[in-house]
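Examining the three-dimensional arrangement
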Amino acid sequence: CCTTQEREQEVHVPLGLPQQVTEEKVRPLAAEVESQFAMKYGTPRQAPLEFVVLLEKPGASAPLGVDVDISDGSHLIIDKVHEHGCVPRWNQANPGKQIKPGDAVVEVNGARGSSEVMTSVCANDQVLEVRLQRAAPAPGRQGGNSSCMASWCTVGCLTNGGTAPQVV
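If you're wondering where the values come from, they're calculated on a predicted model, not measured in any experiment. Per chain, residues are indexed from 1 in the order of the written sequence. Only residues with pLDDT of at least 70 are given local features in this predicted model, and only at 80 or more are side-chain atom pairs given and counted; all residues enter the totals for whole chains, interfaces and linings. As a convention, hydrogens and water are excluded, and side-chain values are obtained from all of the structure's heavy atoms.

**Concerning the overall build of the protein chain**
The criterion, for reference: Elements are defined by DSSP. Helices are runs of H or I of four residues or more, strands are runs of E of two residues or more, and each kind is numbered from the N terminus. Only protein chains enter the area calculation, which uses a 1.4 Å probe; residues under 20% of their type maximum are buried, those over 50% are exposed, and those in between are partly exposed. To be clear on the numbers: accessible area is Shrake-Rupley with a 1.4 Å probe, and residue cover counts the displayed protein chains and nothing else.
Regarding its fold elements, the protein chain presents 4 helices and 7 strands. Going residue by residue from the N terminus, the α and β elements of the protein chain occur as α-α-β-β-β-α-β-β-α-β-β. Relative to its full complement of 168 residues, the protein chain shows a buried share of 27%. Here the protein chain has roughly 11300 Å² of accessible surface; of this, 54% comes from carbon and sulfur atoms.

**Here we look at helix 3 (residues 86–93)**
Since there are 3.6 residues in each turn of an α-helix, residues three or four apart along the chain are aligned in direction. We apply this condition: Here, two residues are considered to be in contact whenever any of their heavy atoms come within 4.5 Å of each other.
Among the residues making up helix 3, those that are buried are C86, V87, P88, W90 and N91. Where helix 3 is buried, its residues contact strand 1 (49–56), strand 2 (66–69) and strand 3 (76–81).

**A short note on helix 4 (residues 115–124)**
Stated formally: In this description, one arc is meant: the one made by directions from the helix axis to the C-beta atoms.
Residues of helix 4 that are buried include every one of S115, M118, T119, V121 and C122, and no others. Projected down its long axis, helix 4 carries its buried residues within an arc of 160°, all on one side. Those residues of helix 4 that are exposed and angled more than 90 degrees off the buried face are E116 and N124.

**Here we look at the nonpolar core**
Heads up, the rule is: In this description, a nonpolar core means a group of buried Ala, Val, Leu, Ile, Met, Phe, Trp, Tyr and Cys residues linked to one another through side-chain atoms lying within 4.5 Å.
V53, L55, L64, V105, V108, L128 and V130 are the most contacted members of the largest nonpolar core, which has 21 residues in total. Those residues in contact with L55, other than ones at most four positions away along the chain, are L64, C86, V87, W90, Q126, V127, L128 and V130.

**Re the pattern of salt bridges**
Stated precisely, the cut-off is as follows: Whenever Lys or Arg places a side-chain nitrogen within 4 Å of a carboxyl oxygen from Asp or Glu, that contact is recorded as a salt bridge.
With the rule as written, the count across this model stands at 3 salt bridges. Among the ionic pairs, R112 bridges to E107, the shortest N-O distance being 2.4 Å. For E107, a relative accessible area of 15% puts it in the buried group.

**Points about the environment of G110**
Structurally, G110 can be placed in the loop between strand 4 (104–108) and strand 5 (111–112). Under the relative-accessibility criterion, G110 is labelled exposed at 52%.

**Description of empty space enclosed by the protein**
So the rule is basically this: Lining residues are those with an atom within 4 Å of a point, where the points come from a 1 Å grid over the protein atoms alone and group into cavities, where a 1.4 Å probe fits but cannot get out, or pockets, open sets with protein on both sides within 12 Å along at least five of seven lines. Grid points are joined across faces, edges and corners, and a volume is the space filled by probe spheres set on the points. Under this grouping Gly is polar, as are all residues other than the nonpolar Ala, Val, Leu, Ile, Met, Phe, Trp, Tyr, Cys and Pro and the charged Asp, Glu, Lys and Arg.
Taken as a whole and assessed by the stated rule, the structure comprises 2 cavities of 30 Å³ or more. If you add up the space inside the second largest cavity, you get close to 90 Å³. Lining the second largest cavity are 13 residues, and of these L64, V66, I78, V105 and V130 sit closest to its centre. If you list the elements that add at least two residues to the lining of the second largest cavity, you get strand 2, strand 3 and strand 6 (127–134). Broken down by class, the residue content of the lining of the second largest cavity amounts to 13 nonpolar, no polar and no charged.

**A short note on unusual backbone geometry**
One non-glycine residue, N109, adopts positive backbone phi at about 50°. Structurally, N109 can be placed in the loop between strand 4 and strand 5.

**Examining the environment of G65**
Within the secondary structure layout, G65 lies in the loop between strand 1 and strand 2. Counting along the chain gives 19 residues from G65 to H84, while the straight-line C-alpha distance between them is 5.6 Å.

So, in C-alpha cells, the structure goes:
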C-alpha cells in the first residue's frame, strides 16, 4: 500500500481525547448543541403510555359511563367520564390506573382499527378487555391530567370534527 518514504511520513495519533480537550469542556458544548437543536426542531416527543383494563358490565346493555369521540375512525377518544357506569367504578377501584379524558381506546376484546367496530363491541359484550393509550406528558408539564393529547396533536388541540361525542 505504501512506499518506505510514505510510511516514514505517517503521523501517529494517540488514542483518546487530546489533553487539552476534557470532559468538563465537552459537557457545556453538548448542552448548547442540544439546546440549539431543541430550539430549531422542538423537543423529541415521547411514545404514548399504553395500558390494559378489564371492565365487567353488570349486563350487556349497561352503560360504560363515558363519552367518546369517534371522528378519527380508528380510536375511541375519551371525552368525558361520567359519575355512574363501569368506567367510574373502575376508576374508583383502581386509582393508579384510571381512565381519563384524552385517553385513546385502541383495542377492545381484540377488535382494533375501527371506532365503529370497537363501539359495537363495547355496546354488546359484557366483559371488555380494553387497551388504552395515554399521551406522555409534554416536557415541562406536570401531571398530564388534562384532556389535551399533547404529543399526539399536530395542530395544538383535539377537536371532534364538528360531531357530537358518542355516549358509550
